[in-house]
Amino acid sequence: MAAIETFYDVIRRQGVTRRSFTKFCSLTAASLGMGPIGAAKIANALETKERTPVIWMHGLECTCCSESFIRSAHPLVKDVVLSMISLDYDDTIMAAAGHQAEAILQETKEKYKGKYILAVEGNPPLNEGGMFCIDGGKPFVEKLKWMADDAMAIIAWGACASWGCVQAAKPNPTQATPIDKVIHDKPIIKVPGCPPIAEVMTGVVTYITTFGRLPELDRQGRPNMFYSQRIHDKCYRRPHFDAGQFVEQWDDESARKGHCLYKMGCKGPTTYNACSTVRWNGGVSFPIQSGHGCIGCSEEGFWDKGPFYERLTNIHQFGVEKNADEIGLAAAGVVGAAVATHAAATAVKRIVSKNNDHSA
Amino acid sequence: MTDISRIDVADSHGEKVVAQPTVYVYEAPVRLWHWVNALAILVLIITGYLIGSPLPTVAGEASQHFVMGYIRFAHFAAGQIMAVGFLLRGYWAFMGNEHSRQIYYVPVWRASFWKELAHEIRWYAFLEKAPMKYVGHNPLAQTAMFVMYTLMSAFMIITGFALYSEGEGADSWEAKLFGWVFYIWPNSQEVHTWHHLGMYVIVTFILIHIYAAVREDIMSRQSIISSMISGERHFKDGA
Ligand code: HEM
Ligand code: HEM
Ligand code: SF4
Ligand code: SF4
């Protein structure tokens, strides 16, 4: 029997040095918050365990997840992880094309049955038999189910695969549907964001391929290591929130002073993501640091939740678009007026019946 | 919702009282709870509104102020008081008198309930000359209390603690007990909106509640407001 192929073999073959490999292990261990022995654990796993193939498929999406992924901050991480995963199938960045590419899928299904990772960017539209997204001559939803059948686990990249994103915005004519509503019998990890942060993506891929299992997930199926806290919990403008110092207008004094963007509709208080800690573009900045509120891009339904620039969410259920204060005050106003009228009627009736009593 | 004509009103010597009967309705724990709860809810409404639409920016360094911090603290503190009160009041429903259970159910299975409810509605619509007399709540009040107070309070406590758990972290007891709310609304923005709308149901309840209490006190010839202070219900025109 031929010796099993490990990730280490592959990485070395791709020209990555031993030194770079150990550096990569330390970096990854640190970004996953694994503690001092984490690096050794990762190195050991990559050197001894059979490599886990990654199949990366694209449904209805804008490719922002791929764009983010290939810009992972540390060039080392990018090189290693790309060489780790580009081996198999990613129709956007792979060399093979056409029948040759499709043959890889069949081969992986057979050779690595139950062992490969299926990473999905985008989602399948279900309307009209799935014909709104045709991939390799077949509706994407069929290809997705077919590849999911023999996968070990599925990574749902970004807001599209996790929640639906803008292609699922009301009234969702193509019936774009998140992965976990289509595939029910496989472990699914959601890595939401539009796009997710590059370091979060490489961290998740490395963890799963290295240890052959999903990291600890939260209630919504997101990895705890990156999604257990809100933007608001670690936002550097939080002291201004607690103090009560808000930007009220984009060009006011508070905006210049960098006060909290809550009143400008910042969704940081309801958004779980790592932006305020990991940040973007190699830790350079993130939206709030650039003076714009969080739009909640990693949250369910963020595209349908009313204006990005208002604190209170619009409610559609009542026919007209109004926020909770407008609806509530209107209701309380109507009741208040009714109470006042009733009180007046009561007073009149009392006077009238008193008069009647006298005359009787 | 016992009809006054159906109970025997007796004094401590077991003798029938002839005129101006008095019944002990609201026991001390209920009265104490009522006013603590009313105060807590008042604080919750004011601070809750200010969480949704904060006060204007304060000048100076962030380290000199804690405006939003105090507002949120007051909200959470009052919220905890309200929640504990809710639990204790629930416990008293088992320990207290018959009236202590009234706000926890609506006796829809009783034909007399519907008849009396209709009578009460007609009384409020000025179609009846006089209201029926009740020792506890009248059927309309009982229905309003159950839906707009008991159910809504439970809703506010559940959604409130779910929101609170977000700050406390996924391993907090709040998250363990109330985190399931996020199965219903995966985006907590939605929970904020429902929690906010819930406030207006309670505001509406309070408007009606205080008006009805004052009106009944004047109109119905039985004590209402003082009942919630002394616990005793006086019937001003005899039984
Ligand atoms: C009658 C009772 C209550 C009323 C009227 C009320 C009202 C409100 C309102 C209007 C908001 C603002 C919602 C928004 O973001 O637009 C709010 C937020 C909140 N409430 Fe309540 N609430 C009540 C009970 C509670 C309870 C029992 C708790 C539990 C401790 C609680 C915890 C919270 C939390 C954690 C927030 C979010 C604060 C933040 O995002 O900074 N509330 N409440
Ligand atoms: C200053 C304001 C208030 C006044 C004058 C007031 C007065 C009263 C009175 C007189 C009763 C007894 C009604 C009866 O005998 O049928 C009562 C009961 C009740 N009130 Fe209030 N109330 C006030 C505020 C509130 C608030 C803010 C709440 C909560 C939202 C509330 C909730 C209740 C409940 C649930 C009961 C039923 C108590 C029971 O049967 O256990 N009240 N109130
Ligand atoms: S800017 Fe946004 S995330 Fe930051 S403290 Fe303000 S509301 Fe929270
Ligand atoms: S700050 Fe908010 S909107 Fe911006 S990328 Fe992060 S989660 Fe998305």
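Residues numbered from 1 in each chain as written. Chains lettered and ligands numbered in written order. Predicted model: local features only at pLDDT ≥ 70, side-chain atom pairs only at ≥ 80, totals over all residues. Heavy atoms only, no water.

**Student:** Explain the sheet that holds strand S6 (residues 153-157) of chain A residue by residue, including any values.
**Tutor:** Residue and element names in this part refer to chain A. Strand order in this open sheet of 5 strands is S2-S1-S3-S6-S7, and the pairing throughout is parallel. Pairing within the sheet leaves two strands with one partner each, and these edge strands are strand S2 (89-90) and strand S7 (188-191). As paired elements, strand S3 (residues 117-121) and S6 share 5 bridges and run parallel to each other. Looking at the pairing, Glu121 lines up with Trp157 of S6. Helix H7 (residues 140-149) rests against strand S1 (54-58), S2, S3 and S6 of the sheet, and its axis sits at about 165° to S1. Helix-sheet contacts for helix H9 (residues 198-211) involve S1, S3, S6 and S7, and the interaxial angle to S6 is about 180°. (Pairing = 2+ DSSP bridges. Helix = DSSP H or I, 4+ residues; strand = E, 2+ residues; numbered from the N terminus. Contact = heavy atoms within 4.5 Å. Axes fitted to C-alpha atoms, helices over the stretch in contact; angles between N-to-C directions.)

**Student:** Give a description of the environment of Ala96(A) that names residues and reports values.
**Tutor:** Residues and elements named next belong to chain A. Tracing the sequence through the fold places Ala96 in the loop between S2 and helix H6 (98-111). When the C-alpha atoms of Ala96 and Glu199 are compared, they prove to be 27 Å apart, with 103 residues separating the residues in sequence. Those residues within four positions of Ala96 in sequence are excluded, and the remaining contacts are Ala101 and Ile104.

**Student:** So, the packing of helix H3 (residues 111-124) of chain B against helix H4 (residues 139-168) of chain B: which residues are in play, and what are the values?
**Tutor:** All names here are of chain B. With their axes 7 Å apart at the nearest point, H3 and H4 run at an angle of 95° to one another. With respect to H4, the axis of H3 lies roughly perpendicular. Of H4, the residues touching H3 (which contributes Phe113, Glu116, Leu117, Glu120, Ile121 and Tyr124) are Pro139, Leu140, Gln142 and Thr143. Residues of the contact of H3 with H4, tallied by class, amount to 6 nonpolar, 2 polar and 2 charged. (Parallel < 35°, antiparallel > 145°, perpendicular 65-115°, else oblique. Nonpolar A, V, L, I, M, F, W, Y, C, P; charged D, E, K, R; others polar.)

**Student:** Give me the interface of chain A and chain B: which residues, what numbers.
**Tutor:** Between chain A and chain B, the contact holds 45 residues from the first and 47 residues from the second. When chain A packs against chain B, close to 4000 Å² is buried across both sides, 57% of that on carbon and sulfur atoms. The interface formed by chain A and chain B includes 2 salt bridges. Between Lys305(A) and Glu190(B) there is a salt bridge whose closest N-O contact spans 3.6 Å. The set of elements that each furnish at least two residues to the side of chain A that touches chain B consists of helix H11 (238-243) and helix H14 (324-359) of chain A. With 15 residues, H14(A) is the single largest residue contributor to the side of chain A that touches chain B. Of the residues assigned to the side of chain A that touches chain B, the class counts are 18 nonpolar, 12 polar and 15 charged. (Buried area = accessible area lost by both parts, 1.4 Å probe. Salt bridge = Lys/Arg side-chain N within 4 Å of Asp/Glu carboxyl O.)

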